[in-house]
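Residues per chain are reported as follows:
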Amino acid sequence: MTSNKLRRQPLYEQIKQLLLRRIAEGEWQENASLPSEWELAEELSVSQGTVRKALTELVAEGVLYRQQGRGTFVAEAASDWGEARLQTIGTLSGRQESLMQELLGCWKSNAPEEVSELMGLRRLVPMIRVRQLWRLGGQPVALDDAYLPADRFEGLEARWLRQAGGVYAALQRRFGVRPKTVMEQMRISALNREDAQLLMVAADTPVLAVTRLSTSIEGDPVEWRMRYCLTQQVAYTQLRG
């Protein structure tokens, strides 16, 4: 971010971006306590009110959380899986068995037309493509194919994803971006041969295809993700608040 752009921003927004960058650089890890508003105000040479406004926005965006009488803490990064559960068909309560995430690959690729159109990007724009496999009880149950703008996340690579434990955690820790799902669509699809092999089922097996579009808190598109989910034995259950 250039100094000219920073000068055009309100002061609280500059402080917010500075705190995001420090979180992304690892100065404060997940669930770590930030200095008090007074300490940050003194360190950054701004008013306590300016710091409070920046922190309040970061709390509203889910990057931070507050505990009464204890302070402000860094929130855990959102899960790549999302809020849905895989549960026994007909079951609406109870916890699912933990899903295990396996990174299959991370490389640069051009955006398919569907992806660039949904993300409002130019045709064939360079993207970072990430493939992930999800296992439940050791068995493959879902396959993710995600695309992220390469110019925004320059340097994002498999090593970072493994260290962070997923795409969303890497984006928050490395780039100060917490993805927010703004659209999900579901349809029935059939697997191609390669995807069927990864999910250990026959080619043309019908699956639930879940398309997800995520943006930054500011509304800039940051990820398009397609998930192929096996639902013969389990239901893909969306949770509502």
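What counts and how
- Residues numbered from 1 in each chain as written.
- Predicted model: local features only at pLDDT ≥ 70, side-chain atom pairs only at ≥ 80, totals over all residues.
- Heavy atoms only, no water.
- Helix = DSSP H or I, 4+ residues; strand = E, 2+ residues; numbered from the N terminus.
- Buried < 20%, exposed > 50% of the residue type's maximum accessible area, 1.4 Å probe, protein only.
- Contact = heavy atoms within 4.5 Å.
- Areas by Shrake-Rupley, 256 points an atom, 1.4 Å probe, with all protein chains shown as cover.
- Lys, Arg positive; Asp, Glu negative; His and termini not counted.
- Charge placed at Lys NZ, Arg CZ, Asp CG, Glu CD.
- Polar contact = N/O pair within 3.5 Å; in protein donor to acceptor, adjacent residues only side chain to side chain.
- Salt bridge = Lys/Arg side-chain N within 4 Å of Asp/Glu carboxyl O.
- Axes fitted to C-alpha atoms, helices over the stretch in contact; angles between N-to-C directions.
- Parallel < 35°, antiparallel > 145°, perpendicular 65-115°, else oblique.
- Left-handed = near helix turned anticlockwise from the far one by under 90°.
- Nonpolar A, V, L, I, M, F, W, Y, C, P; charged D, E, K, R; others polar.
- Phe/Tyr/Trp six-rings, centres within 6.5 Å; stacked < 30°, edge-to-face > 60°.

In the annotation of an unreviewed UniProt entry, the protein is listed under the name GntR family transcriptional regulator and assigned to Crenobacter cavernae.

For the rest of this paragraph, the subject is the overall build of the protein. Along the protein, the regular secondary structure elements total eight helices and 10 strands. Along the three orthogonal principal directions, the C-alpha set of the protein runs to about 65 × 45 × 30 Å. Looking at the protein as a whole, 47% of its 241 residues are labelled buried. Restricting the contact set of the protein to residue pairs at least 6 apart, pairs at least 24 apart contribute 60%. As presented, the protein carries roughly 12900 Å² of accessible surface, and 48% of it is formed by carbon and sulfur atoms. For the protein, the distance from the average position of its 31 positive side-chain charges to the average position of its 30 negative side-chain charges is 1 Å.

What follows covers the side chain of R131. Assignment of secondary structure puts R131 in strand 5 (residues 126-136). We classify R131 as buried; its relative accessible area is 6%. Of the polar contacts made by the side chain of R131, one reaches the side chain of D195; its length is 3.0 Å. Residues contacting R131, with those up to four places away along its chain left out, are E102, L103, L104, G105, W107, L143, D144, D145, E194, D195 and L198.

Let us look at the pattern of salt bridges. In the structure shown here, the tally under the stated rule is 19 salt bridges. A salt bridge links R129 to D145; the shortest N-O distance between them is 2.8 Å. Placement of the pair is R129 in strand 5 and D145 in strand 6 (residues 139-149), with a sequence separation of 16 residues. Note on D145: relative accessible area 11%, which makes it buried. Several salt bridges share partner residues, and in doing so they unite D80, D144, E223, R225 and R227 into one network.

Attention shifts here to the packing of helix 2 (residues 11-24) against helix 4 (residues 48-60). One can describe the packing of helix 2 onto helix 4 by two numbers: an axis separation of 8 Å at closest approach and a directional angle of 60 degrees. Overall, the two elements helix 2 and helix 4 adopt an arrangement that is oblique. Like other packed secondary-structure pairs, helix 2 and helix 4 cross with a definite hand, here right-handed. Contacts between helix 2 and helix 4 involve L11, Y12, E13, I15, K16, L19 and L20 from the former and T50, K53, A54, L55, E57 and L58 from the latter. Each residue belonging to the contact of helix 2 with helix 4 can be placed in one class, and the counts come to eight nonpolar, one polar and four charged.

Tracing the chain through its elements places L148 in strand 6. Residue classification places L148 among the buried residues on the basis of a relative accessible area of 0%. Measuring from C-alpha to C-alpha, the distance between L148 and V130 comes to 8.3 Å, with 18 residues separating the pair along the chain.

Applying the stated rule across the entire model yields six aromatic pairs. Between W81 and W134 the ring centres are 5.1 Å apart and the planes differ by 70 degrees, which places this aromatic pair in the edge-to-face class. Of this pair, W81 sits in the loop between strand 2 (71-74) and strand 3 (85-88) while W134 sits in strand 5, placing them 53 residues apart in sequence. Here W160 and F175 contribute two aromatic rings whose centre-to-centre distance is 5.9 Å and whose plane-to-plane angle is 55 degrees, an arrangement assigned as tilted. Linking W160 in helix 6 (residues 158-164) with F175 in helix 7 (residues 167-175), this pair joins segments that are 15 residues apart in sequence. Given a relative accessible area of 16%, W160 falls into the buried group. Residue classification places F175 among the partly exposed residues on the basis of a relative accessible area of 25%.

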